[in-house]
Amino acid sequence: MALLGKYYAHKIDGAAQLALHRETGEPQHRAAAVRELVRAAEYWQLYTTTALRQYKNPLWTNRVGYCDWNKLREEVLNDIEIAHDSSGRDDARRQTPEGPRAALNE
């Protein structure tokens, strides 16, 4: 569970940095958002690697139904893509995907 906590900590920090970038247009906040979301993806990978050794995938949970960790990885990578493609002020809705792994190569 500690790995999941680290994932959420970096995801929340990345989201806050992205919000600052969108509000101010300052590129250092965008870079920080991408950096934090890449780190979150790394912790997600560690978490799911551990979980997949102990549980079948997909896992049935009463609260959310089936949880497929491999499919959720694409959503984790999409967070990076959103931050990477953000150009700042008044552009919170614009996205031009280059693929979810594009930011990982920066």
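So, here is what we can say about the structure in this document. The model shown is predicted, which means the values in this text are computed figures rather than measured ones.

Reading guide: rules and limits
Going along each chain's sequence as written, the residues are numbered from 1 onward. With pLDDT at 70 or above as the cut-off, local features in this predicted model cover only qualifying residues; side-chain atom pairs require 80 or more to be listed or tallied, and sums for whole chains, interfaces and linings still use all residues. To obtain the side-chain values, all non-hydrogen atoms of the structure were included, while hydrogens and water were left out. Helix and strand definitions follow DSSP, with helices as H or I runs of at least four residues and strands as E runs of at least two, each counted in order from the N terminus. Exposure classes here rest on a 1.4 Å probe applied to the protein chains alone. A residue is buried below 20% of its type maximum, exposed above 50%, and partly exposed in between. We call two residues contacting when some pair of their heavy atoms lies within 4.5 Å. In these tables, accessible area is a Shrake-Rupley quantity obtained with a 1.4 Å probe, and a residue counts as shielded only by the protein chains included in the view. The working definition used for a salt bridge is a side-chain nitrogen of Lys or Arg within 4 Å of a carboxyl oxygen of Asp or Glu. Residues are called lining when one of their atoms sits within 4 Å of a cavity or pocket point, these points coming from a 1 Å grid over the protein atoms alone, where a cavity is a set in which a 1.4 Å probe fits but cannot get out and a pocket is an open set with protein on both sides within 12 Å along at least five of seven lines. Grid points are joined across faces, edges and corners, and a volume is the space filled by probe spheres set on the points. Gly counts as polar in this scheme, as do all residues outside two lists: the nonpolar Ala, Val, Leu, Ile, Met, Phe, Trp, Tyr, Cys and Pro, and the charged Asp, Glu, Lys and Arg. Only C-alpha atoms enter the line fits that serve as axes; for helices the fit covers just the stretch in contact. Angles between N-to-C directions range over 0 to 180 degrees. The scheme is simple: roughly parallel for angles under 35 degrees, roughly antiparallel for over 145, roughly perpendicular for 65 to 115, oblique for anything else. Note: crossing handedness is left-handed where the near helix turns anticlockwise from the far helix by less than a right angle, and right-handed where it turns clockwise. Only Phe, Tyr and Trp rings take part, Trp by its six-membered ring, and two of them pair if their centres are within 6.5 Å. Stacked means planes under 30 degrees apart, edge-to-face means over 60, and tilted covers everything else.

### What about the overall build of the protein?
Part 1 of the argument: Scanning the protein from terminus to terminus reveals 3 helices and 2 strands.
Part 2 of the argument: Along the protein, from the amino end to the carboxyl end, the secondary structure elements read α-α-β-β-α.
Part 3 of the argument: Classification of the 106 residues of the protein by burial places 35% in the buried group.
Part 4 of the argument: For the protein, contacts bridging at least 24 residues in sequence account for 58% of all contacts bridging at least 6.
Part 5 of the argument: By element, 53% of the accessible surface of the protein is carried by carbon and sulfur atoms, the whole surface being about 6,900 Å².

### Here's the deal with the environment of Tyr8
Part 1 of the argument: Inspection of the secondary structure assignment puts Tyr8 in helix 1 (residues 2–24).
Part 2 of the argument: On the basis of relative accessible area, Tyr8 is assigned to the partly exposed category, the value being 43%.
Part 3 of the argument: A sequence separation of 36 residues divides Tyr8 from Trp44, and the C-alpha atoms of the two residues are 8.9 Å apart.

### Examining the pattern of salt bridges
Part 1 of the argument: Tallying each qualifying case throughout the model produces 2 salt bridges.
Part 2 of the argument: Note that Lys11 and Asp79 form a salt bridge whose closest N and O atoms lie 2.6 Å from each other. Of the two residues, Lys11 sits in helix 1 while Asp79 sits in helix 3 (residues 69–85), which places them 68 residues apart along the sequence.

### A look at the layout of surface pockets
To find the voids left in a structure, one rolls a probe of water-molecule size over its atoms.
Part 1 of the argument: Estimates place the volume of the largest pocket at around 310 Å³.
Part 2 of the argument: Around the largest pocket, the lining is made up of 15 residues, and of these Tyr8, Trp44, Cys67, Trp69 and Leu72 lie nearest the centre.
Part 3 of the argument: Of the residues assigned to the lining of the largest pocket, the class counts are 11 nonpolar, 1 polar and 3 charged.

### A word on the packing of helix 1 against helix 3
Part 1 of the argument: The interhelical angle for the contact between helix 1 and helix 3, taken along N-to-C directions, is 20°, at an axis separation of 11 Å. By the angle between their axes, helix 1 is roughly parallel relative to helix 3. Of the two elements, helix 1 crosses helix 3, and the hand of that crossing is left-handed. Here helix 1 contributes Tyr7, Lys11, Leu18 and Arg22 to the contact with helix 3, which in turn contributes Val76, Asp79, Ile82 and Ala83.

### Some thoughts on the packing of aromatic side chains
Part 1 of the argument: Under the criterion given, the structure shown has 6 aromatic pairs.
Part 2 of the argument: Between the aromatic rings of Tyr7 and Tyr8, the centroid separation amounts to 4.8 Å while the plane-to-plane angle is 65°, which identifies the pairing as edge-to-face.
Part 3 of the argument: Considering the side-chain rings of Trp44 and Tyr47, the 5.7 Å spacing of their centres and the 50° angle between planes classify their relative orientation as tilted. Placement of the pair is Trp44 and Tyr47 together in helix 2 (residues 27–54), with a separation of 3 residues, close to one helical turn. Residues Trp44 and Tyr47 agree in their burial class; the two are buried.
Part 4 of the argument: Three or more aromatic residues joined by ring pairs form one cluster here, namely Tyr7, Tyr8, Trp44, Tyr47, Tyr55 and Trp69.

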